[in-house]
Amino acid sequence: MPDGKMIVVGGRDAHSYEFIPPEGQHNAAPIKFDFLTQTTDKDENNLYPFVYLSTDGNVFIFANNRAILLNPNTNQIVKELPPLQGGHRNYPASGQSVLLPLKLHSGNQGNVAAEVLICGGSAHADSYTKAAENVFYAALQDCGRMRITDPNPVWKRDLMPSPRLMGDMSLLPSGEVLILSGAKRGSSGWGFARDPNFTPVLYNPRVKRGERFRELAPTTIPRMYHSTATVLQDGRVLVAGSNTNNGYIYDAMFPTELRAEKFSPPYLDPALEKFKPQIDPAATPEKLGYNQKIAVQFKVNQVEPVKQENVRVTMYVPAFTTHSVSMNMRLLDLGLEAVKPNGPGVYSIDVWTPPNTTIAPTGYYLLFVVNQGVPSEGIWVQIK
């Protein structure tokens, strides 16, 4: 949250939320939240709601197929957003979601829009119940994208290349979205899914609808229930887990999986190595304040001059990931003012730090320089 607190929403038979108090203190009671009562059903398709801090200070909460904006200071719902039609998106139907990268501007001029992407899930409210009876419904293949800061927001639909539930969705330092793992039929739960989705998908939010998805090299390892993924400092993605069994069982249809993999997105193609920036940490501040112009220095091996329109500086908050939900994940695309040569193959970027704690809550971020879609290795910075 902007004030440094953390909000925790929902849970089994927990139609409430609370703000984590300082160490040594406790809340007398959680805050009752009727929205979760309204969105539950027989199969509890509102567990693990999608929760994001919007750029206007409100909290976006999506549960089952409905979404609201909550004012965390008054604990009042300030807007009921349109429902996402077509099915159920939260656990155990288990779609995937991200808050898309936040585009900031030079000098931090203008408002910062916030967009949410939600993909997959199940069209059936009883997918969990039916899976227990060995009926495995096909997962949803569609996505909904909505600019939640618009005065009258609407969902815009798109189609993934294949159906998916229980997948993991990660923001990459390039500003793209990686979707991987999961299944094409069934539900979350022990032994409740079939037909693993082996093929990762890359989503580019900056191109027109119909051209945003690209299938990537498949894995050979089923990553089903209890799998996870996280973006690493070098731009690769660590993928691990999968256990659809009630215990460590190795002779099941989908054995307990102890192997981990590192997935290299397309920007790590060796043919693109010449475009890869290398940040000079000695010439780049590691402690940042708000609304400041700073210099980030990097070197690159490409022969042709680096053009400002091909350069971005991003700040990434690593997520807490479980059950297809990446909590607290956030990517900021900072406002650039200038990219200037500073020696052979060396450049300095004048860039603005985020304007306030609503856009970028205090804490540690990975900072990347991206050149022609290829990110550097990240360096840790702290903003406060």
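Shown above is the structure to which this text applies.
Quantities reported herein were computed from a predicted structural model and do not represent experimental measurements. (Residues numbered from 1 in each chain as written. Predicted model: local features only at pLDDT ≥ 70, side-chain atom pairs only at ≥ 80, totals over all residues. Heavy atoms only, no water.)

*Asks:* Would you mind going over the overall build of the protein with me for this structure?
*Replies:* The number of helices and strands found in the protein is 2 helices and 33 strands. The C-alpha radius of gyration of the protein comes to 21 Å, within 12% of the 21 Å expected for a compact globule of 384 residues. Seen through its principal axes, the protein has C-alpha atoms that stretch 65 × 50 × 45 Å. Here the protein, with 384 residues, has 54% of them falling under the buried criterion. For the protein, the proportion of contacts with a sequence separation of at least 24, taken over those separated by at least 6, is 60%. When the accessible surface of the protein is split by element, carbon and sulfur atoms take 51% of a total near 16800 Å². Distance between charge centres in the protein, computed from 36 positive and 35 negative side chains, equals 3 Å. (Helix = DSSP H or I, 4+ residues; strand = E, 2+ residues; numbered from the N terminus. Rg over C-alpha atoms; globule rule 2.2 N^0.38 Å. Buried < 20%, exposed > 50% of the residue type's maximum accessible area, 1.4 Å probe, protein only. Contact = heavy atoms within 4.5 Å. Areas by Shrake-Rupley, 256 points an atom, 1.4 Å probe, with all protein chains shown as cover. Lys, Arg positive; Asp, Glu negative; His and termini not counted. Charge placed at Lys NZ, Arg CZ, Asp CG, Glu CD.)

*Asks:* Help me out: how do you make sense of the pattern of salt bridges in this one?
*Replies:* Working definition: two side chains of opposite charge can pair if their charged atoms are close together. Scanning all chains against the criterion turns up 16 salt bridges. Notably, a salt bridge pairs Arg89 with Asp142, separated by 2.9 Å at the nearest N-O pair. Of this pair, Arg89 sits in the loop between β7 (76-81) and β8 (96-99) while Asp142 sits in strand β11 (residues 142-147), and the two are 53 residues apart along the sequence. Since its relative accessible area comes to 9%, Asp142 is described here as buried. Its salt-bridge partner being Asp142, residue Arg157 comes within 2.4 Å of it at the nearest N-O pair. With Arg157 in strand β12 (residues 156-159) and Asp142 in strand β11, this pair connects stretches of sequence that are 15 residues apart. (Salt bridge = Lys/Arg side-chain N within 4 Å of Asp/Glu carboxyl O.)

*Asks:* What exactly am I supposed to notice about the sheet that holds strand β20 (residues 237-241) here?
*Replies:* Backbone hydrogen bonds are what pair the strands of a sheet, in a parallel or an antiparallel way. Spatially, the 3 strands line up as an open sheet ordered β19-β20-β21, and their pairing is antiparallel. The sheet is open, and its two edges are formed by β19 (227-231) and β21 (261-263), each paired on a single side. Strand-to-strand, the axes of this sheet are offset by a mean angle of 25°, without reference to chain direction. (Pairing = 2+ DSSP bridges. Axes fitted to C-alpha atoms, helices over the stretch in contact; angles between N-to-C directions.)

*Asks:* Could you clarify how one ought to interpret the sheet that holds strand β1 (residues 7-9) in this entry?
*Replies:* Strand order in the open sheet formed by 3 strands is β1-β2-β3, with antiparallel pairing between adjacent strands. Whereas interior strands pair on both sides, the edge strands pair on one side only; in this sheet they are β1 and β3 (31-32). Looking at chain direction, strand β2 (residues 16-19) and β3 are connected through 2 bridges and run antiparallel. The residue of β3 that forms the bridge with Ser16 is Lys32.

*Asks:* Is there a simple way to think about the packing of aromatic side chains in this case?
*Replies:* Any two aromatic rings considered together are summarised by their centre-to-centre distance and by the angle between their planes. Applying the stated criterion across every chain, the model contains 11 aromatic pairs. Between the aromatic rings of Phe33 and Phe35, the centroid separation amounts to 5.6 Å while the plane-to-plane angle is 50°, which identifies the pairing as tilted. Considered together, Phe33 and Phe35 belong to a single accessibility category, that of buried residues. The structure contains a cluster of three or more aromatic residues connected by ring pairs, namely Tyr17, Phe19, Phe33 and Phe35. (Phe/Tyr/Trp six-rings, centres within 6.5 Å; stacked < 30°, edge-to-face > 60°.)

Structural measurements only, silent on function.
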